[in-house]
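One-letter residues, chain by chain:
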Amino acid sequence: QVRLVEAGGGMVQAGGSLNLSCQPAGNVIGVNDMGWYRRTPGHEREFVAKITHEGEPTYAEAVRGRFFISRDNSKSIVHLRMDVVRPEDTGVYYCHAVAMTPMTFRMLDYWGQGTQVTVSP
């Protein structure tokens, strides 16, 4: 079984910065895309950013130029640096990874439990 362990999150004032990180825990033999989604108040879960194994990032329009995603393939850790945060960035942020385990030998989707980010005006 694979768990995605998220770290970071918390409260920050508008205009500030915050860092999130996520790493798979369990017997993982390969990780493909890794990324972040969020659920903001009154909205469904939405895409924030992702990064391929080769390091190519993709961002949602709402965060492009403010959020930056990176990864360390040696540890399968993905980081999300959130700069110039806004109150509308408040929400629960979920880590996502496409990973393979010895039990399945298939690339499957895994999700973290979510970490709260609160941006005050």
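Computed from a predicted structure; not experimentally measured. (Residues numbered from 1 in each chain as written. Predicted model: local features only at pLDDT ≥ 70, side-chain atom pairs only at ≥ 80, totals over all residues. Heavy atoms only, no water.)

Draft legend 1. The arrangement of the overall build of the chain in detail. Across its full length, the chain carries zero helices and eleven strands. For the chain, the sequential pattern of α-helices and β-strands runs β-β-β-β-β-β-β-β-β-β-β. The C-alpha radius of gyration computed for the chain amounts to 14 Å, which stays within 12% of the reference 14 Å derived for 121 residues, consistent with globular compactness. Over its C-alpha atoms, taken along the principal directions, the chain stretches across nearly 45 × 25 × 20 Å. (Helix = DSSP H or I, 4+ residues; strand = E, 2+ residues; numbered from the N terminus. Rg over C-alpha atoms; globule rule 2.2 N^0.38 Å.)

Draft legend 2. Structural view of the state of the cysteines. Overall, the coordinates contain one disulfide when judged by the stated rule. Here C22 connects covalently by a disulfide to C95, the sulfurs 2.0 Å from one another. Here the S-S torsion is close to -85 degrees, and the disulfide linking C22 with C95 is therefore left-handed. On the criterion of sequence distance, the pair formed by C22 in strand β3 (residues 18-25) and C95 in strand β9 (residues 91-100) is long-range, its members being 73 residues apart. Both residues of the pair, C22 and C95, count as buried. (Disulfide = S-S within 2.5 Å. Buried < 20%, exposed > 50% of the residue type's maximum accessible area, 1.4 Å probe, protein only.)

Draft legend 3. Local environment of the packing of aromatic side chains. One pass over the structure, following the stated rule, counts two aromatic pairs. Geometrically, the ring pair formed by Y37 and F47 is edge-to-face, given 5.6 Å between the ring centres and 75 degrees between the ring planes. You can see Y37 sitting in strand β4 (residues 30-39) and its partner F47 sitting in strand β5 (residues 46-51), a full ten residues away along the chain. The partly exposed category is assigned to Y37, whose relative accessible area is 23%. For F47, a relative accessible area of 27% gives the class partly exposed. An aromatic cluster is built from Y37, F47 and W111, whose rings are joined through pairwise contacts. Sitting over the face of the ring of Y94, R45 holds its NZ or CZ atom 3.9 Å from the ring centroid. (Phe/Tyr/Trp six-rings, centres within 6.5 Å; stacked < 30°, edge-to-face > 60°. Lys NZ or Arg CZ within 6 Å of the ring centre and 35° of its normal.)

Take it as geometry only, folks, not as evidence of what the structure does.
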